[in-house]
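# Fold and contact review
Here are the chains, one letter per residue:
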Amino acid sequence: MRILSTLVLSFFSTFLFSQTNILTTNPLAKEIMLGNYNPADYAAGIVIDQPEDIKNIINNELNTDSLTSYLFKLSTFENRNTCSDTVSNTFGIGAARRWTNSMFEKFSGQNEGRLIPFYLQFDQNLNAQCSMNRFRNSCAILPGSDPESSGIIIIEAHMDSRCENVWDGNCEAHGMEDNGSGTALVLELARIMSQFTYKHSIVFMETIGEEQGLYGANAFAQYCLNEGIEVKGVLNNDVIGGIVCGETSSAPSCPGLNHIDSTQVRLFSSGGLNKQLSRFNKLQYQEELLDIVSVPMMLTIMSSEDRQGRGGDHIPFRQKGFPAMRFTCANEHGNANVSDPDYHDRQHTTGDKLGADTNGDGVVDSFFVDMNYLARNAVINGVSASFLAIGPDPVDFSGEKFADSLRITIDDPNDYNHYRIFTRTNMQDFDTIYTLVNSKEITIKRVTGGAVLFQVSVASVDENGIESCFSKEQFAFPTINSDGEIIEAPEEEIKRKSPIELFQNRPNPFDEATMINYLIHEKIDHSEAWMVVTDMNGREIQRLPAPMKVGLNEVLYTHGYNTVGTFIYSLVVDGKVIHSRQMVFAN
Ligand SMILES: [Zn+2]
């Protein structure tokens, strides 16, 4: 995970450091991604393709001993910096990527040779930084049973690590939480999922160059664009095994030093189909996994694409139009701001190790990466990716608005005749899910009292009860006033009244965190916009960047475990308070 300065660098570097000559070292991998193959060549002796079987096997076979062994091995390479040694077989990124590729090879051998390992190679001029110009992501593809089903699914993590200096290829940079955890997760899922038969092909990928500017992910996304490869969804895992909160952490962050959270995972994504992918993951967990797992997890759909001022491998995919999201643990050991002299946390330092030897016998006995938590997150990834890879084709819909209802008509050339309709207000989660069988039309009554905004999306459902990816959302009832009351006036009248409407935060009262939404009706020229939270005496508590895109905007306010009471939030544009509201923090 990267800090703001490198994020800025990555935008700047689009010109300086763009990737060229992008290719797969095994030409077969490209043909499989394009759907040019005979599925019989990769057919399993025993076909396991039923969702019930797949989810139970993933849940039962995912193994904390495997995860621990991968992390131990990864730590032996000492430094996995993009600029580290590529020749040695024991030290540096070259040894690490060859080892991950050899693991893909091994898993393939255990599964009738069906998993195809390859490297995604690209050129990028880093001669000035570290005298290197050719790089490789370590990947493997499991060919789908239906080459006509276009769209690959990608489970990925960055395997590169860093310490204080982002170009240092010699320091001790074990990078266990960031991001040995994600690297191990991808390997373990490749091991287990290679035995299954999916409709769509699945790519397992360990990227490089994330810490310097998301180079490896950008190269793969660019490759897909160049070659016309469709991507159905990208699940990025970055900092996914830690459960201990550091002294610092990027907002929205954990409550404070040494706070433990081993049951929550955060799903970060931009809006549109990216957020819908996050919601797909959460729904699969709630409906398919919750009943069979031993420790229930809470999946939190975050409002933002990433932590404040930070980024990850899902972003280049989203930028190139491929739905992508990121899993990150709830508690992070630091904000990675290693330039701060008071920074004492582990992220991006030599301290990001597997754990500590507390009794001095030379063996790590206290792990910074919680293997059980990591395993739970791996199961969530595996089941989501699996259901994406076996599910039906997505559908779209049109909506017709009436005074007190909305008529949804499903557009489905495949005639699945089984659909789900998802509605939500200004919360990230769905309010209501309707089921529609043997019909393509449903009328939804306008929700009064409580529900202020209303977004609608749809999915098809196959004979096994598996949903497709969710469609784009459409606004159903935007005619509400600034008090959140539904009114019947035409939209134009509201626009004239106020170009910006600030809504009541939800939930309210709240504990720890709440979502503040506001609707912008027309483009507003401005140089800065903030959501400012103050106490009742006007003392500023927090100031959060407020996006100003036309449509619904969201800001997540994390109060943490601070003073209980009433607070005021104000949308401030260019120093002028546009609108304020009160909210109540109740612990
Ligand atoms: Zn990272």
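Residues numbered from 1 in each chain as written. Predicted model: local features only at pLDDT ≥ 70, side-chain atom pairs only at ≥ 80, totals over all residues. Heavy atoms only, no water.

## Looking at the overall build of the chain
Across its full length, the chain carries 13 helices and 25 strands. Here the C-alpha atoms of the chain give a radius of gyration of 24 Å, agreeing with the 25 Å that 2.2 N^0.38 yields for 587 residues. Dimensions of the chain, computed from C-alpha atoms along their principal axes, come out at roughly 70 × 60 × 45 Å. Taking all contacts inside the chain whose residues are at least 6 apart in sequence as the whole, residues at least 24 apart take part in 72%. As displayed, the chain has an accessible area near 22,300 Å², and 48% of this comes from carbon and sulfur atoms. Each charge sign in the chain was given a centre, from 45 positive and 75 negative side chains, and these centres are 4 Å apart. (Helix = DSSP H or I, 4+ residues; strand = E, 2+ residues; numbered from the N terminus. Rg over C-alpha atoms; globule rule 2.2 N^0.38 Å. Contact = heavy atoms within 4.5 Å. Areas by Shrake-Rupley, 256 points an atom, 1.4 Å probe, with all protein chains shown as cover. Lys, Arg positive; Asp, Glu negative; His and termini not counted. Charge placed at Lys NZ, Arg CZ, Asp CG, Glu CD.)

## Quick look at the nonpolar core
Formed by 74 residues in total, the largest nonpolar core has its most connected members in Met 193 and Phe 204. At 13 residues, the largest contribution of residues to this core is made by helix α12 (residues 371–390). Counting only domains with at least three residues in this core, you end up with domain 1 (4–390) and domain 2 (396–475). Discounting residues that sit within four places of it in the chain, Met 193 has contacts with Ile 58, Leu 142, Ile 155, Tyr 198, Ile 202, Phe 204, Gly 382, Ala 385 and Ser 386. Ranked by size, the runner-up nonpolar core spans 37 residues in total, among them Tyr 42, Ile 152, Tyr 223 and Ala 324. (Core = buried A, V, L, I, M, F, W, Y, C linked by side-chain atoms within 4.5 Å. Buried < 20%, exposed > 50% of the residue type's maximum accessible area, 1.4 Å probe, protein only. Domains from an automatic or database assignment.)

## So, the state of the cysteines
For the coordinates displayed, the defined rule picks out three disulfides. A disulfide bridge connects Cys 245 with Cys 254, and the sulfur atoms are separated by 2.2 Å. Because the torsion about its S-S bond is 80°, the bridge between Cys 245 and Cys 254 counts as right-handed. A relative accessible area of 10% places Cys 254 in the buried class. If you count the bonded cysteines of the chain from the N-terminus, they pair up as 1-2, 3-4, 5-6. Residue Cys 139 stays outside any disulfide, its sulfur separated by 9.8 Å from that of Cys 224, the closest cysteine. (Disulfide = S-S within 2.5 Å.)

## A look at the packing of aromatic side chains
If you walk through the whole model with that rule in mind, you get 13 aromatic pairs. On the basis of an interplanar angle of 65° and a centroid distance of 6.5 Å, the ring pair of Tyr 70 and Phe 107 is categorised as edge-to-face. Of this pair, Tyr 70 sits in helix α4 (residues 64–76) while Phe 107 sits in helix α5 (residues 93–110), placing them 37 residues apart in sequence. The exposure class assigned to Tyr 70 is buried, which follows from its relative accessible area of 3%. Cluster of aromatic residues (ring-pair linked, three or more members): Tyr 70, Phe 77, Trp 99 and Phe 107. Its guanidinium or amino end placed over the ring of Phe 368, Arg 346 lies 3.7 Å from that ring's centre, counting from NZ or CZ. (Phe/Tyr/Trp six-rings, centres within 6.5 Å; stacked < 30°, edge-to-face > 60°. Lys NZ or Arg CZ within 6 Å of the ring centre and 35° of its normal.)

## Focus on unusual backbone geometry
Here Asp 178 and Asn 179 are connected by a cis peptide whose omega angle stands at 5°. Examined against the element boundaries, Asn 179 turns out to sit in helix α7 (residues 176–193). Residue Pro 252 follows Ala 251 across a cis peptide bond; omega there is -5°. Mapped onto the elements, Pro 252 comes out in the loop between β6 (231–237) and β7 (264–268). Of note, Glu 78 is a non-glycine position whose phi angle comes to about 65°, a positive value. Looking at the element boundaries, Glu 78 is found in the loop between α4 and α5.

## Quick look at the sheet that holds strand β19 (residues 500–502)
Taking strand neighbours across the sheet as the criterion, the three strands line up as β19-β20-β23 in an open arrangement whose pairing is antiparallel. Of all the strands in the sheet, just β19 and β23 (551–560) have a single pairing partner and so form its edges. Each strand of the sheet is rotated relative to its neighbour by a mean of 20°, with strand direction disregarded. Strand direction decides the pairing type here: strand β20 (residues 512–520) and β23, joined by nine bridges, are antiparallel. Within β23, the position partnered with Ile 520 by the bridge is Gly 551. (Pairing = 2+ DSSP bridges. Axes fitted to C-alpha atoms, helices over the stretch in contact; angles between N-to-C directions.)

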